[in-house]
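# Fold and contact review
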Amino acid sequence: MDDGQMIEQIRQGRKEYLNTIAEKYYDDIYRFCCYQTGSPDQSYDLAQETFLRFIRYVDHYRHKNLKGYLLAIAMNVCRDYFHCEKKRRTVPWDSPLNPEGESVGGDAASEKVLEAERIEKVREALLCLPPMQREVIVLHCCSGLTYREIGAVTGAGISTVKSRMKQGTEKLKRMLRKEDFYGE
Amino acid sequence: MGNDKIKLPELSVDPIKKKESLYKIQEAAAQKRLVYCPSWLEILKSQLAYISRGYWIGQGAFAGVGILVFLLLGNLSREDVPYLFYASVLAASIGIVTVMELGRSQSCQMGELEESCYFNLGQLWGIKMVLSGSINVAILTGVIGGLSRKTDFGILALCLYILVPFVLSHGCYLLLLFWGRNMGKKWPQITAAVFMGLAAMIPGAFPGVYRQIYLPVWGGVFLIGVVLLALELHSLFKKLSVGGEKICWS
């Protein structure tokens, strides 16, 4: 069942599809919030708040792109978070390297450490970008939205989105080591 | 972006924390009271269903009469048939269907019943008037088109000759309908329609009024009729919105 059909079912009173939508898009929203705020722990709450707002206003939902709509809510939730907490550049990376808590050794441990370092570099570099450029990069590179969809989410024109993407990417590349991110 | 596209590493999601979040979302979903908000098209379709069968029969009858009369007249010679005469009577009496439909609301407690979850009485009447006006104008457009081929009058002149009885009769019908409590009954309305039809025949008794020199007079009468009709409608809808007097007929 596609998103449009699920929304139609919800309008007919079948609330269980609200949970289906949450399960389908939770990971995407979480990752977006994580890259936006740099705080994995807070991002669970922010993702939760995103879906709570969606549920609150689902009666008036009239959009065609559900994922874009959810990301727009997530974007506003993150902006509210920054506004309240004012922690744009000082959020510590407070998640464990291995969320499952398992102990691993040998090559697997090295790979996990390298991966964690890589993620840390990206997180720090993203947090150094202006919020508007960061939003565009995360929406495009993490959530897979097109420039047109990003324009619809952020309220900016396509040329503005492309400009922010170009400038943000150039800044990000300058901050990252090329051999870690090209050609993957 | 080509080869320079940045690929952000995929972050892992803690399944326990995710499950806790989803649980709270499920609680919110369970408590949510869904309100169905239909689109404007759905609302209009449902309102059309509440319009009486008699209305559609009446409109169909007038459309049929218009077609029949002019097809019949088309077989006679031009000099023998007062085309404008019959067209004016049709234009003057066609509004009776709309008035009778609106008059249903004046039956005992019908006004309250007709108000639905989406529209109040004023809005319902607005929809019925717009619908009726569109259908009547379409019928009259066909009549004018037929007349233009059978007479020597220009389109503008024909429009005025037909629309003047149309507008004036509607003004009288509305005035009658909302003047008093018992004017919503059918017999006063039918009597009014007959009277308006007879009144529309008067210009036909004086063929000279259809000369081009009198077109400005027709235009002036048309404008006055439109202004009076607009004032009537404004007064009517204002009374519906600020007080219940017009609803509490019963």
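Reading the values: rules and limits
- Residues numbered from 1 in each chain as written.
- Chains lettered and ligands numbered in written order.
- Predicted model: local features only at pLDDT ≥ 70, side-chain atom pairs only at ≥ 80, totals over all residues.
- Heavy atoms only, no water.
- Helix = DSSP H or I, 4+ residues; strand = E, 2+ residues; numbered from the N terminus.
- Buried < 20%, exposed > 50% of the residue type's maximum accessible area, 1.4 Å probe, protein only.
- Contact = heavy atoms within 4.5 Å.
- Areas by Shrake-Rupley, 256 points an atom, 1.4 Å probe, with all protein chains shown as cover.
- Axes fitted to C-alpha atoms, helices over the stretch in contact; angles between N-to-C directions.
- Parallel < 35°, antiparallel > 145°, perpendicular 65-115°, else oblique.
- Left-handed = near helix turned anticlockwise from the far one by under 90°.
- Core = buried A, V, L, I, M, F, W, Y, C linked by side-chain atoms within 4.5 Å.
- Domains from an automatic or database assignment.
- UniProt positions renumbered as here; feature names shortened; annotations may be inferred.

The next subject is the overall build of chain A. The number of helices and strands found in chain A is nine helices and zero strands. Reading chain A from its N end, one meets helices and strands in the order α-α-α-α-α-α-α-α-α. A buried classification covers 48% of the 184 residues belonging to chain A. Put simply, of all contacts in chain A between residues at least 6 apart along the chain, 64% involve residues at least 24 apart. On chain A, roughly 9,300 Å² of surface is accessible, and the fraction owed to carbon and sulfur atoms is 49%.

Quick look at helix α5 (residues 96–103) of chain B now. When you tally the buried positions in α5 of chain B, you get seven out of eight residues, the bulk of the element. Inspection of α5 of chain B places Ile 96, Val 97, Thr 98, Val 99, Glu 101, Leu 102 and Gly 103 of chain B among the buried residues, and these make up the whole buried set.

Below, the discussion takes up the packing of helix α4 (residues 83–93) of chain B against helix α9 (residues 186–205) of chain B. All names here are of chain B. Where α4 contacts α9, the axes come no closer than 8 Å and their chain directions differ by 150 degrees. The angle between α4 and α9 falls in the class roughly antiparallel. In this structure, the crossing between α4 and α9 has a hand that is right-handed. Across the interface between the two elements, Phe 85, Ser 88, Val 89, Ala 92 and Ser 93 of α4 pack against Ala 193, Met 196, Gly 197, Ala 200, Met 201 and Gly 204 of α9.

Core analysis: the largest hydrophobic core is formed by 60 residues, its most contacted members being Ile 21, Tyr 26, Ile 29, Phe 32, Phe 54, Leu 66 and Leu 126 of chain A. Mapped onto the domain boundaries, this core takes at least three residues apiece from domain 1 (3–85) and domain 2 (106–178) of chain A. With residues near it in sequence (within four places) discarded, Phe 54 of chain A still touches Ile 7, Leu 18, Ile 21, Tyr 61, Leu 66, Tyr 69, Leu 70 and Ile 73 of chain A. Listed in part, the 49 residues of the second largest apolar core include Val 99, Leu 147, Leu 229 and Leu 240 of chain B.

Here we come to the UniProt feature "transmembrane region" (unreviewed entry) in chain B. All names here are of chain B. The residues that UniProt annotates with the feature "transmembrane region" (unreviewed entry) are residues 55–77, 83–103, 124–147, 153–178, 190–207 and 213–231. The distance from the first to the last C-alpha atom of residues 124–147 is 34 Å, and the span holds 100% helix and 0% strand. In the segment residues 213–231, helix accounts for 89% and strand for 0%; the C-alpha atoms at its two ends are 29 Å apart.

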